[in-house]
Amino acid sequence: MNIGFIGAGRVGTTLGKYFISNKEVIKGNKVIGYYDVSQEAADEAVLLTNTNKYSLEEIVINSDIVFITVVDGAIKKVWNQIEKFELANKIICHCSGALSSDVFSNIDKHRAYGYSVHPLFACSSKQESYKDISQALFTIEGSEEKLQHMIKLIESCGNKVQVINASDKVKYHASAVMASNQMIGLIKAACDLLKESGFSEDNALSAIKPLIYGNIDNIYRQGLKDALTGPVARGDMGTVKKHINVLKDDTKKIYELLTGKLVELVNS
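Residues numbered from 1 in each chain as written. Predicted model: local features only at pLDDT ≥ 70, side-chain atom pairs only at ≥ 80, totals over all residues. Heavy atoms only, no water.

Draft legend 1. Expanded view of the environment of Val 161. Relative to the assigned elements, Val 161 resides in strand S8 (residues 161-163). Expressed as a C-alpha distance, the spacing of Val 161 and His 118, which sit 43 residues apart in the sequence, is 9.7 Å. Residue contacts for Val 161: discarding those within four places in its chain leaves Phe 138, Ile 140, Ile 151, Ile 154 and Glu 155. (Helix = DSSP H or I, 4+ residues; strand = E, 2+ residues; numbered from the N terminus. Contact = heavy atoms within 4.5 Å.)

This is how it looks when you write it as structure tokens:
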């Protein structure tokens, strides 16, 4: 089956390069190329993947599987454009973490099949991210008819797949944001406290690096509960109260809320 991409950004380019690098295991599937409103972006993706550049209509007509890899706010607009073309028996996917396949309204009337296919992975580089996405779990939800084909496509590359319900997409995406983006916010809060204590920003980041890496390693070796150290794990609520007394505003709220989660963990 021919695979085409609408959207030549980091996600689309990464997936295209990834599928191409696994062409021996996704036999019967071939990435043919890209369309993007930005000619420069399309040219770059085509160059990086050694594929072809198409118009919007051409990429849809020539593809059996169409990946819409544009920003979330543009997915519905792209769908409204391409549903004017012949879509019978085509598989239409987007890669949004928050949106479900419901964004493809009336897709059944076109005798096509809609899916959200989301890698739980941060695509940070068009050139390099495809090398590491093999470690990512993909979530898939959508039409029952071609669901197994999409699962097989991803699993054949060596990735784990979790099928989820459309109604759970927003909750799922919130989890991803908490584990990824908001972790950076938490690290910033820790660094801010160190800077208030006389550290430079570089020294603050360097100081907590062993804590961050050590905890992540321990979590995956020992599990969440056994990896926990510190005052909550010891039952030392006196120290916790001292921390709360010196913190202010949002940082204090963050500390209190996360401490509550740790207490839940200890008592589980």
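Draft legend 2. Structural detail: the sheet that holds strand S4 (residues 65-68). As summarised here, the arrangement of the 8 strands in space is S3-S2-S1-S4-S5-S6-S7-S8, forming an open sheet in which the pairing is mixed. Across the chains shown, the open sheet's two edge strands, defined by having one partner strand only, are strand S3 (52-53) and S8. Across the sheet, helix H1 (residues 10-21) touches strand S1 (2-6), strand S2 (30-35), S4 and strand S7 (138-142), and the angle it forms with S2 is around 160 degrees. (Pairing = 2+ DSSP bridges. Axes fitted to C-alpha atoms, helices over the stretch in contact; angles between N-to-C directions.)

Draft legend 3. Summary view of the pattern of salt bridges. Following the criterion strictly, the structure yields 9 salt bridges and no others. Note that Glu 44 and Lys 126 form a salt bridge whose closest N and O atoms lie 3.0 Å from each other. Taken together, the residues Glu 44 in helix H2 (residues 39-49) and Lys 126 in the loop between strand S6 (113-119) and S7 connect sequence positions 82 residues apart. Among the residues examined, Glu 44 registers a relative accessible area of 30% and is labelled partly exposed. Between Lys 188 and Asp 192 there is a salt bridge whose closest N-O contact spans 2.8 Å. Residue Lys 188 and its partner Asp 192 are both found in helix H7 (residues 181-196); the two are separated by 4 residues, about one turn of the helix. Looking at Lys 188, the relative accessible area reads 51%, which means it is exposed. (Salt bridge = Lys/Arg side-chain N within 4 Å of Asp/Glu carboxyl O. Buried < 20%, exposed > 50% of the residue type's maximum accessible area, 1.4 Å probe, protein only.)

Draft legend 4. Main features of unusual backbone geometry. A positive phi angle, close to 55 degrees, is found at Asn 50, a residue other than glycine. For Asn 50, the location among the structural elements is in the loop between H2 and S3. With a relative accessible area of 72%, Asn 50 lands in the exposed category.

Draft legend 5. Local environment of the packing of helix H11 (residues 237-246) against helix H12 (residues 249-266). Running from amino to carboxyl end, H11 crosses H12 at an angle of 155 degrees, the nearest separation of the two axes being 9 Å. When the interaxial angle is binned, H11 and H12 end up roughly antiparallel. The handedness of the crossing between H11 and H12 is left-handed. In this structure, H11 uses Val 240, His 243 and Ile 244 to contact H12, whose residues at the interface are Lys 252, Tyr 255, Glu 256 and Thr 259. (Parallel < 35°, antiparallel > 145°, perpendicular 65-115°, else oblique. Left-handed = near helix turned anticlockwise from the far one by under 90°.)

Draft legend 6. A look at a nonpolar patch on the surface. A cluster of nonpolar side chains, contributed by Met 183, Ile 216 and Tyr 220, occupies part of the molecular surface with about 340 Å² of accessible area. Along the polypeptide, Met 183 turns up in helix H7. (Patch = residues over 30% accessible without salt bridge, like charges linked within 9 Å, V, L, I, M, F, W, Y side chains within 5 Å. Areas by Shrake-Rupley, 256 points an atom, 1.4 Å probe, with all protein chains shown as cover.)

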